[in-house]
Protein chains: 2
Amino acid sequence: MARVTEVTDEPDVEDFDFVKVLSAVADPVRLSILRQLAEALEAISCGAIDLPVKASTATHHFTALRQAGVLHQYYIGTSRMNVLRTEDLEKAYPGFLPSVIAGSAGINRD
Amino acid sequence: MARVTEVTDEPDVEDFDFVKVLSAVADPVRLSILRQLAEALEAISCGAIDLPVKASTATHHFTALRQAGVLHQYYIGTSRMNVLRTEDLEKAYPGFLPSVIAGSAGINRD
DNA sequence: GGCATATTTTGACACGCATCGTACTAAGTG
DNA sequence: CACTTAGTACGATGCGTGTCAAAATATGCC
């Protein structure tokens, strides 16, 4: 029975830095990650998110989102799972994440 | 009597590019511009916006915001005036600009 | 431990970005 | 045109960022 192992470099909501959040989402690959997570309504592993870049590059993208506070990650077995920190972001920046996800809907995924 | 002279490299609202908009606002100096314009509720000239960088650098920041569609600029005499394209942004990305301006309120201006 | 899957780290590279200082241009007035 | 104010273009610089490939690590199971 695999246990849940948390990843530990995520900021507390009180420590969110808005410029960092904005910079983290201001990238087409990362917006694609946000959209896939928002559409799934559940955690998705890094490997299960469809991205137009190699795994090593994806890692950097996930890292930026996580360290900005946008993602929460944890291990299930050998898979690293991702969920959006929707409630924290809404608490810190009301309306921001929904408008970003909606805005990104017009972007072609490639 | 000074006439109004438009600046002409601003995108039409149908041509807005969300990544470009996000990238344009994801900078502390530019967020300060947005906040000053939002608080003023009227056009402010480039020179009248208080920024912690030199005029030549400020020019680049204004250019990024304008070309992303965030600002509308026009000359009054020798002064270049700026207003936020609030309605266009709300049309293209509902809720985005207000959440960004509110989110930037927690950022120290320096 | 060996093995497997999943992901990250490391190194290298190309490019873009934010900055400043200086010369130049834009928009006026007389 | 000369002059003024306001702002921009240009050049240079130092980082940071996004990318890939290969090696290394993280998390399991047996």
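Structure: see above.
We now turn to the structure provided with this report.

**Here's the deal with the interface of chain A and chain B**
Then step 1. Contacts between chain A and chain B engage 17 residues on the former and 17 residues on the latter.
Then step 2. Summing the contributions of chain A and of chain B, the shared interface buries around 1200 Å²; its carbon and sulfur component is 83%.
Then step 3. Three residues stand out in chain A for area buried against chain B, namely A:F18, A:V19 and A:L22, and they jointly supply 36% of the buried area on that side.
Then step 4. Counting the contacts that link chain A with chain B gives 0 salt bridges.
Then step 5. The interface formed by chain A and chain B includes 0 residue pairs in polar contact (both at pLDDT 80 or more).
Then step 6. Listing elements by their share of the side of chain A that touches chain B, those giving two or more residues are α1 (18–25), α2 (28–40) and α5 (96–104) of chain A.
Then step 7. Per-class residue counts for the side of chain A that touches chain B are 12 nonpolar, 5 polar and no charged.

**Things to note about the protein's contact with DNA strand D**
Then step 1. Looking at DNA strand D, there are 25 residues lining it, with A:R30, A:K54, A:H61, A:T78 and B:T59 nearest.
Then step 2. Between DNA strand D and A:R30 there is a distance of 2.4 Å, counted from a phosphate oxygen to a side-chain nitrogen or oxygen.
Then step 3. Here a phosphate oxygen of DNA strand D sits 2.8 Å away from a polar atom, N or O, in the main chain of B:G47.
Then step 4. At the level of elements, α2 and α3 (55–68) of chain A together with α3 (55–68) and β4 (79–84) of chain B are the ones that each hand at least two residues to the surface near DNA strand D.

**Quick look at the sheet that holds strand β3 (residues 71–76) of chain A**
Residues and elements named next belong to chain A.
Then step 1. What the 4 strands build is an open sheet, ordered β1-β3-β4-β2; its pairing is antiparallel. The sheet terminates laterally at β1 (4–6) and β2 (44–45), the two strands that pair on one side only.
Then step 2. Examined bridge by bridge, β3 and strand β4 (residues 79–84) share 6 bridges and lie antiparallel to one another. Residue pairing for β4: Y74 is matched across the bridge by M81.
Then step 3. Those strands touched by α2 are β2, β3 and β4, and its axis lies near 80° from that of β4.

Calculation criteria
Residues numbered from 1 in each chain as written. Chains lettered and ligands numbered in written order. Predicted model: local features only at pLDDT ≥ 70, side-chain atom pairs only at ≥ 80, totals over all residues. Heavy atoms only, no water. Contact = heavy atoms within 4.5 Å. Buried area = accessible area lost by both parts, 1.4 Å probe. Salt bridge = Lys/Arg side-chain N within 4 Å of Asp/Glu carboxyl O. Polar contact = N/O pair within 3.5 Å; in protein donor to acceptor, adjacent residues only side chain to side chain. Helix = DSSP H or I, 4+ residues; strand = E, 2+ residues; numbered from the N terminus. Nonpolar A, V, L, I, M, F, W, Y, C, P; charged D, E, K, R; others polar. Near = heavy atom within 4 Å. Pairing = 2+ DSSP bridges. Axes fitted to C-alpha atoms, helices over the stretch in contact; angles between N-to-C directions.

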